[in-house]
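Below, each chain spelled out in residue letters.
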Amino acid sequence: MRWILAVGLVAVSSFVAAPADACSTCSTGDPTLTVTGVEQPFEGRTRVSLQMQHRTESTGVSGVDAIDISEQRFELSGAYALSERLFLATKIPLVRRRARYVNLARDDVMSLGDVEAFAKWFVFRDRSLAPRHLVALNGGLSLPTGVVFEDELGRPLPLEAQVGSASLDVLAGVSYSWFFSPFSMFVSANAGLPVWHGSTFRTGAVGLVSWAMQYQPFDMVALRLSLDARIDQAVREEGEVDPHSGGLATVVSPEVVLSPFDDLVLRAVVMLPAYRAVRGDHDEGVSVLFGAAYDI
Amino acid sequence: MTSKLLALLGLVMLAGCVDRADGTWAQINVADGSNETAFEHASLTLGVANIELVPCASELARAARWLGDVVLPSAYAHAWDRSVAFSAQETSMAAGDPERALLVLSPAGGRYCEARIALAATAEHASSVAVRGTLDGRAVTMATNLHVDLTSTLDPPLEFHLDALSADLTFVVRPAEWLDGLTAEDVEAGGEAVELQFVRNVARTTSVIVRR
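A quick note: this is a predicted structure, and the numbers were derived from the prediction, not measured.

### Thoughts on the overall build of chain A
For step 1, the next point in the chain: A tally of regular secondary structure across chain A gives 2 helices and 17 strands.
For step 2, the next point in the chain: Counting only C-alpha atoms, chain A reaches 60 × 40 × 30 Å along its principal axes.
For step 3, the next point in the chain: For chain A, the exposed area adds up to about 13300 Å²; of that, 65% sits on carbon and sulfur atoms.
For step 4, the next point in the chain: Placing the 24 positive and 34 negative side-chain charges of chain A at their respective mean positions leaves the two points 2 Å apart.

Here's what the structure looks like:
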């Protein structure tokens, strides 16, 4: 099942582009450098991107049940605009994860993570060329394509040592983009709801709210500041609530966006943990992300 | 060549790969280390309620830990702490039996200064500690259902780190000395004082040996 889904999605993400326009900014009529996920749509726009993220996390009580996690995520994304109102996109992650347990045991895992496929339907656009306001509805699925790793006895490893959620999640949300060169702003609210679980651990619903402000002093350079808030329902493992899961976590992310030449956008992001109201003991470290997006 | 690399990458992505490294391993045993005394024991029974390795800690940390136990009296932390095991098992040994394995702990990395074993009746008519044998030429049985906490200092402290992941800890009991200061008449008469003397003897004569 996972193979079929993954192969199918790779195929979808490899859409042969419609004949490309001169450049993406020329086609949108707006010089704003847009990072992956907040592109302005025009028919036939095809964008591929690769992101690499390193992050660390620690759950549990030190000396008792702490698990330290280090993760590297390589994410290949593809987006294709069927029209100036509809974007289809996929995200295909390759995840490497290391979990270190309090008893000095260690698990290193690597596999395909949970593939996401979603559509973004622009329900409001104040004008066709160089829109100032864009409102979109998002809907999609997060597929249980991540391998569920097991121990020698066939029991699933803890969720902290898994690269995916082993669940089928329905994703839905709304986003608003505002363009007023050299400034732009992006706001979105999304939710994910698991509708099927394929293992003994059960991730819960998740809510994500994002706000980002961008200032672009030069055509090739933009500075961006994001604030992301995430609310997670507690995880259940073998029927028991994980005491170190669930709650609210916010992240502040300064970012530099560069476009060394037309159609290529590079980004470097530092994600700094901010306000947290989480259950139990659960800390996240500073994350870094590098990405490149290219309009074909 | 490129296609082979891509195929390999695809296989890794879809099938996944895992590399696991074992953690700490503390095998807990009990052994009869009796020397010859006036009491010739035939068998002993221990009701093992829990076994714990106690991390070395400053007085401040000890106080914090105690305070934490008071504020959060649930077994929340202990339920996840693999330096402690709630076993509730009864172990019987005949005199001369070899060392017996009780359980395995997988404690957090760090230094441990004490090993504790708590003995308690594991069933309604069971005993926390019992011994049977011959004293002054008479067959005697001494048992108690008092809760007995036996704590042994680990000197030098037992340390677990990546280059020292496993250890064997053996609680050495000496049942031949458990009736020290008691006569066969005392044991038969019973009573609180006799029971307390018995428990004191059990606590006094128990030790721990560590092998790596």
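There's plenty left to go through after this.
### Topic: the overall build of chain B
For step 1, the next point in the chain: Helices and strands together make up the secondary structure of chain B, namely 5 helices and 11 strands.
For step 2, the next point in the chain: For chain B, the residues scored as buried account for 40% of the 212 residues in total.
For step 3, the next point in the chain: A separation of at least 24 residues holds for 83% of the contacts in chain B among residues at least 6 apart in sequence.
For step 4, the next point in the chain: In the structure as shown, chain B presents an accessible area of about 11300 Å², 56% of it carried by carbon and sulfur atoms.

### As for the sheet that holds strand S11 (residues 207–211) of chain B
Hydrogen bonding along the main chain pairs the strands of a sheet, whether they run parallel or antiparallel.
All names here are of chain B.
For step 1, the next point in the chain: Ordered in space as S5-S2-S10-S11, the 4 strands form an open sheet in which the pairing is mixed. A single partner strand is all that each edge strand has here, and the edge strands are strand S5 (100–105) and S11. Strand after strand, the sheet turns through a mean of 25° between neighbouring axes, direction not considered.

### What about the packing of aromatic side chains?
Residues and elements named next belong to chain B.
For step 1, the next point in the chain: For the structure shown, the criterion picks out 5 aromatic pairs over all chains.
For step 2, the next point in the chain: Ring centres of Trp 178 and Phe 198 lie 6.0 Å apart, and the angle between their planes is 80°; on these two criteria the pair is classed as edge-to-face. A residue pair is termed long-range when its members are at least 10 positions apart, and Trp 178 in the loop between strand S10 (166–173) and helix H4 (184–189) and Phe 198 in helix H5 (residues 192–205) qualify at 20 residues. An identical accessibility class is assigned to Trp 178 and Phe 198; each is buried.

### Points about the sheet that holds strand S13 (residues 240–241) of chain A
All names here are of chain A.
For step 1, the next point in the chain: Strands sit in the order S9-S12-S13 across an open sheet of 3 strands; the sheet is antiparallel. Only two strands of the sheet have a single neighbouring strand rather than two, namely strand S9 (201–202) and S13.
For step 2, the next point in the chain: The pairing of strand S12 (residues 236–237) with S13 spans 2 bridges and is classified as antiparallel. Residue pairing in the sheet places Glu 237 in a bridge with Glu 240 of S13.

### Topic: the pairing of S10(B)
Residues and elements named next belong to chain B.
For step 1, the next point in the chain: Counting buried positions along S10 yields 6 of 8 residues, so the element is predominantly enclosed.
For step 2, the next point in the chain: As paired strands, strand S2 (residues 25–32) and S10 are joined by 8 bridges and run parallel to one another. Within the sheet, the bridge partner assigned to Val 30 lies in S10 and is Phe 171.
For step 3, the next point in the chain: Examined bridge by bridge, S10 and S11 share 5 bridges and lie antiparallel to one another. Of the residues in S11, the one forming a bridge with Phe 171 is Val 208.

### Thoughts on the state of the cysteines
Residues and elements named next belong to chain B.
For step 1, the next point in the chain: Counting across every chain of the model gives 1 disulfide over all chains.
For step 2, the next point in the chain: Between the sulfur atoms of Cys 56 and its disulfide partner Cys 113 the distance amounts to 1.9 Å. Disulfide Cys 56-Cys 113: torsion about the S-S bond near 100°, hence right-handed. Linking Cys 56 in the loop between strand S3 (39–55) and helix H2 (59–71) with Cys 113 in strand S6 (residues 110–119), this pair joins segments that are 57 residues apart in sequence.

### What about the nonpolar core?
For step 1, the next point in the chain: Counting residues in each nonpolar core, the largest one holds 44 residues, and the members touching the most others are Leu46(B), Ile51(B), Leu53(B), Leu169(B), Trp178(B) and Leu179(B).
For step 2, the next point in the chain: At 6 residues, S3(B) tops the list of elements feeding residues into this core.
For step 3, the next point in the chain: Residue contacts for Leu179(B): discarding those within four places in its chain leaves Phe39(B), Leu135(B), Val140(B), Met142(B), Val187(B), Phe198(B) and Asn201(B).
For step 4, the next point in the chain: Counting residues in each nonpolar core, the second largest holds 16 residues, with Leu33(A), Phe87(A), Phe122(A) and Val265(A) among its members.

### Overview of unusual backbone geometry
Glycine aside, a negative phi is what most residues show, and trans is what most peptide bonds show.
For step 1, the next point in the chain: Cis rather than trans, the peptide bond between Ser181(A) and Pro182(A) has omega equal to 15°.
For step 2, the next point in the chain: Take Pro182(A): it is sitting in the loop between strand S7 (167–180) and strand S8 (183–197).
For step 3, the next point in the chain: Put simply, Asp155(B) and Pro156(B) share a cis peptide bond, and its omega is 5°.
For step 4, the next point in the chain: By secondary structure assignment, the location of Pro156(B) is in strand S9 (residues 148–160).
For step 5, the next point in the chain: Even without glycine at this site, Ala130(A) takes up a positive phi of about 50°.
For step 6, the next point in the chain: As for its position among the elements, Ala130(A) is in the loop between strand S5 (116–125) and strand S6 (133–142).
For step 7, the next point in the chain: Located in the positive-phi region is Asp263(A), a residue other than glycine, with phi close to 75°.
For step 8, the next point in the chain: Take Asp263(A): it is sitting in the loop between strand S14 (247–258) and strand S15 (264–278).
For step 9, the next point in the chain: Given a relative accessible area of 15%, Asp263(A) falls into the buried group.

### Brief notes about the environment of Leu76(A)
Residue and element names in this part refer to chain A.
For step 1, the next point in the chain: With respect to the element layout, Leu 76 can be found in strand S2 (residues 67–81).
For step 2, the next point in the chain: According to the relative accessible area criterion, Leu 76 is partly exposed, its value standing at 45%.
For step 3, the next point in the chain: In this structure the C-alpha to C-alpha distance between Leu 76 and Ile 92, which are 16 residues apart in sequence, comes to 5.1 Å.
For step 4, the next point in the chain: If we ignore the near neighbours within four places in the chain, the residues touching Leu 76 are Ser 49, Leu 50, Thr 90, Lys 91 and Ile 92.

### Points about a nonpolar patch on the surface
For step 1, the next point in the chain: Together, Leu50(A), Met52(A), Phe74(A), Leu76(A), Val270(A), Leu272(A), Val286(A), Val288(A) and Phe290(A) make up a nonpolar patch on the protein surface, roughly 700 Å² of accessible area in all.
For step 2, the next point in the chain: Of all elements in the fold, only strand S1 (46–59), S2, S15 and strand S17 (287–295) of chain A reach the threshold of two or more residues within the nonpolar patch.

### Looking at the environment of Thr36(A)
Residues and elements named next belong to chain A.
For step 1, the next point in the chain: Inspection of the secondary structure puts Thr 36 in the loop between helix H2 (24–28) and S1.
For step 2, the next point in the chain: Along the primary structure Thr 36 and Gly 280 are separated by 244 residues, whereas in three dimensions their C-alpha atoms are 33 Å apart.
For step 3, the next point in the chain: Beyond its immediate sequence surroundings of up to four residues, Thr 36 is in contact with Arg 47, Ser 49, Gln 51, Ser 77 and Ala 293.
For step 4, the next point in the chain: A distance of 3.3 Å separates a polar atom in the side chain of Thr 36 from a polar atom in the side chain of Ser 49.

About the thresholds
- Residues numbered from 1 in each chain as written.
- Chains lettered and ligands numbered in written order.
- Predicted model: local features only at pLDDT ≥ 70, side-chain atom pairs only at ≥ 80, totals over all residues.
- Heavy atoms only, no water.
- Helix = DSSP H or I, 4+ residues; strand = E, 2+ residues; numbered from the N terminus.
- Areas by Shrake-Rupley, 256 points an atom, 1.4 Å probe, with all protein chains shown as cover.
- Lys, Arg positive; Asp, Glu negative; His and termini not counted.
- Charge placed at Lys NZ, Arg CZ, Asp CG, Glu CD.
- Buried < 20%, exposed > 50% of the residue type's maximum accessible area, 1.4 Å probe, protein only.
- Contact = heavy atoms within 4.5 Å.
- Pairing = 2+ DSSP bridges.
- Axes fitted to C-alpha atoms, helices over the stretch in contact; angles between N-to-C directions.
- Phe/Tyr/Trp six-rings, centres within 6.5 Å; stacked < 30°, edge-to-face > 60°.
- Disulfide = S-S within 2.5 Å.
- Core = buried A, V, L, I, M, F, W, Y, C linked by side-chain atoms within 4.5 Å.
- Patch = residues over 30% accessible without salt bridge, like charges linked within 9 Å, V, L, I, M, F, W, Y side chains within 5 Å.
- Salt bridge = Lys/Arg side-chain N within 4 Å of Asp/Glu carboxyl O.
- Polar contact = N/O pair within 3.5 Å; in protein donor to acceptor, adjacent residues only side chain to side chain.

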